[in-house]
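Here is how the chains run, residue by residue.
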Amino acid sequence: MAKEMKRIMVTGSVGQIGSELTMALRKKYGNDNVLATGHITKPSPALRDSGPFEFIDVAKRETIERVVKKYNIDTIYHLSAILSAVGEENPQLAWDVNINGTYNILEVALDNKLVRIFVPSSIAVFGLETPRDNTPQETILRPTTMYGVTKVAGELLCDYYVKRFGLDVRGCRYPGIISNITLPGGGTTDFAVAIYFEAVKNKKYTCFVREDTMLPMMYMPDCLKAAIDLMEADLSRLKHHCDFNVTAMSFTAGELAAEIKKHIPEFTCEYKPDFRQAIADSWPNSLDDSAAREEWGWQPGYDLSAMTRDMLRVLSKRHAEGKLNY
Ligand code: AKB
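Counting residues in each nonpolar core, the largest one holds 41 residues, and the members touching the most others are I178, F191 and Y196. The element best represented in this core is helix α7 (residues 191-202), accounting for eight residues. Formed jointly, this core draws a minimum of three residues from each of two domains, domain 1 (8-176 + 218-245) and domain 2 (178-217 + 249-285 + 301-320). Leaving out residues up to four positions away in the same chain, F191 has contacts with Y205, C207, F208, V209, L215, M217, A253 and L256. Grouped together as the second largest cluster of nonpolar side chains are 30 residues, V10, L25, L79 and A226 included.

The structure is reproduced here in structure tokens:
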């Protein structure tokens, strides 16, 4: 009989993806069955009041083990990570959280016989030598950022635990994630989130990458769907484990601004590239995610126009109620 996931822990649950994934998992598996964890930042009232919450430090193995035992955890969605821009400002911290944190999660999972682990990767695994258009599943991984280095090592480490120890670890390479609940913390693709908030609030935005910068992106509902669908996929169908390319759309910063302008005609965007431009320039324009489509039925639901309609609807409503705080 297939092993079942019943007691789930989410690391990084106060972050951009974690805050929404925790709520989605609680809805699906029951509030009490999903433990949210964080390091320093306090949980939002929604997260805190809907189910259990504990502080842990993924770089300290004993803090993970304590809550895994206390809550009888059998499944982990390991979302704590230092992203690309912050990782360039503090490479040592990125190594500690992303490498030691992932290693500790895998070791605790192995020792406590956990059923399944999700460890997301990123388009940051690619680099300047990688083909940029329709980037293949199997390709050159020579990133130029510490974040990318930790994500390549993380993919290899997770695959090692699958092959060497039979631990069921799964992960996908997320593109930039666009969402409207928790802001992303310190990534290069953050401009594609901030632009919506500024468009609604101030009708103008200064973008930190050039107008012609193209990147693969995804709206949060698809990001959650990717994590849950991959975790629920039949293991016997998976030829890959921890490195699936996944994408939903690709656009330039200028195309994104133009899409917003269709809804807010007075919106203006100027471009003042900073150090994040070089990071964006080292990442793909678009991804080939056919392995994810074939092996676990990956299928995104949102393109640029559907996402923009939804983002502006949600943010405009919140702004009208005086609740667009960020
Ligand atoms: C970042 O920009 O660092 C992240 C990512 C693409 O992994 N959003």
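This brings us to the sheet that holds strand β7 (residues 169-170). What the six strands build is an open sheet, ordered β3-β2-β1-β4-β5-β7; its pairing is parallel. Two strands lie at the open edges of the sheet, namely β3 (53-55) and β7, each paired on one side alone. Sheet analysis places strand β5 (residues 116-118) next to β7, joined by two bridges and oriented parallel. Residue pairing across strands places I117 opposite V169, the latter belonging to β7. Along the sheet face, helix α3 (residues 61-70) touches β1 (8-11), β2 (34-38), β3 and β4 (75-78) and points at about 155° away from the line of β3.

So, about the domain arrangement of the protein chain. Splitting the protein chain by domain gives domain 1 (8-176 + 218-245) and domain 2 (178-217 + 249-285 + 301-320). Relative to domain 2, the C-alpha centre of domain 1 lies at a distance of 25 Å. Facing 28 residues of domain 1, the contacting portion of domain 2 comprises 31 residues. For the interface between domain 1 and domain 2, the tally reads zero salt bridges. Counting the contacts that link domain 1 with domain 2 gives 17 residue pairs in polar contact (both at pLDDT 80 or more). It is helix α4 (residues 84-89) that contributes the most residues to the side of domain 1 that touches domain 2, five residues altogether. For the side of domain 1 that touches domain 2, a count of residues per class yields 13 nonpolar, nine polar and six charged.

Around the ligand sit L83, S84, S122, I123, Y147, G187, T188, T189 and W283, and that is every residue in its neighbourhood. Between the ligand and T188, the relevant distance is 2.7 Å, taken from an oxygen atom to a main-chain nitrogen or oxygen of the residue. T189 places a polar side-chain atom, nitrogen or oxygen, 2.9 Å from a nitrogen atom of the ligand. Out of a free accessible area of 260 Å², the ligand has 93% covered by protein chains. Of the residues in the shell around the ligand, the class split is four nonpolar, five polar and no charged.

Inspection of the entire model under this criterion finds zero disulfides. The structure places no disulfide on C158, whose sulfur is separated from the nearest cysteine sulfur, that of C242, by 4.7 Å. Accessibility expressed as a relative area gives 1% for C158, which makes it buried. No disulfide involves C269; its sulfur sits 5.1 Å from the nearest other cysteine sulfur, which is in C207.

By the element assignment, F126 lies in the loop between β6 (121-122) and α6 (146-165). Since its relative accessible area comes to 0%, F126 is described here as buried. Between the C-alpha atoms of F126 and Y326, which are 200 residues apart in sequence, the distance is 31 Å. Here F126 is in contact with T135, P136, T139, I140, L141, P143, R173, N245, S282, W283, P284 and L287, once residues within four sequence places are set aside.

A separate point is helix α8 (residues 220-232). With 13 residues, α8 extends 18 Å between its outermost C-alpha atoms, agreeing within 8% with the 18 Å of an ideal straight helix rising 1.5 Å per residue. Looking at α8, one finds that the buried residues are M220, D222, C223, L224, A226, A227, I228, L230 and M231.

Moving on to the pattern of salt bridges. Inspection of every chain in the model, using the stated rule, returns 22 salt bridges. With its nearest N and O atoms 3.1 Å apart, the salt bridge here joins E65 to R61. Of the two residues, E65 and R61 are both situated in helix α3; the distance of four residues between them amounts to about one turn of the helix. Judged by its relative accessible area of 17%, E65 is buried.

By the secondary structure assignment, T102 is in helix α5 (residues 91-111). Beyond its immediate sequence surroundings of up to four residues, T102 is in contact with H78, V97, V119, L157 and C158.

Moving on, we get to the packing of aromatic side chains. This structure, assessed with the given rule, holds 10 aromatic pairs. Seen in terms of ring centroids, Y77 and F118 are 5.7 Å apart; in terms of plane orientation they differ by 45°. Their pairing is tilted. Pair noted here: Y77 is in strand β4 and F118 is in strand β5, with a separation of 41 residues, a long-range link. Across this residue pair, the class does not change: Y77 and F118 are buried.

Quick notes on the rules
Throughout, residues of each chain are indexed from 1 in the direction in which the sequence is written. Given that the model is predicted, a residue must reach a pLDDT of at least 70 before its local features are reported, and side-chain atom pairs must reach 80 or more before they are shown or counted; all residues, however, enter totals for whole chains, interfaces and linings. Hydrogens and water are ignored here; the side-chain numbers use all heavy atoms of the structure. Residues grouped as a nonpolar core are buried Ala, Val, Leu, Ile, Met, Phe, Trp, Tyr and Cys residues, joined through side-chain atoms within 4.5 Å. Residue burial is assigned from relative accessible area. The probe radius is 1.4 Å, only protein chains are included, and a residue is buried under 20% of its type maximum, exposed over 50%, and partly exposed in between. Secondary structure elements follow DSSP: runs of H or I no shorter than four residues count as helices, runs of E no shorter than two count as strands, and numbering proceeds from the N terminus. Domain start and stop points were drawn from an automatic or database domain assignment. Contact definition: two residues touch when any of their heavy atoms are within 4.5 Å. Two strands form a pair only when DSSP identifies at least two bridges running between them. Interaxial angle, 0 to 180 degrees, is taken between N-to-C directions of lines fitted to C-alpha atoms, where a helix line uses only the stretch in contact. By convention in these notes, a salt bridge is any Lys or Arg side-chain nitrogen within 4 Å of a carboxyl oxygen on Asp or Glu. Whenever two N or O atoms come within 3.5 Å, that pair is a polar contact, provided that in protein one can donate a hydrogen and the other can accept it, and provided that, for residues adjacent in sequence, both atoms are side-chain atoms. Throughout, the ten residues Ala, Val, Leu, Ile, Met, Phe, Trp, Tyr, Cys and Pro are labelled nonpolar, Asp, Glu, Lys and Arg are labelled charged, and all others, Gly among them, are labelled polar. For this description, a residue counts as near a given molecule or strand if any of its non-hydrogen atoms is within 4 Å of it. Every accessible area reported is derived by Shrake-Rupley at a probe size of 1.4 Å, with residue values counting cover from the shown protein chains alone. What counts as a disulfide here is a pair of cysteine sulfur atoms lying within 2.5 Å. How far a helix is expected to stretch is found by multiplying one less than its residue total by 1.5 Å. Centre distance within 6.5 Å is the pairing criterion for rings of Phe, Tyr and Trp, where only the six-membered ring of Trp is used; planes under 30 degrees apart are then read as stacked, over 60 as edge-to-face, and the remainder as tilted.

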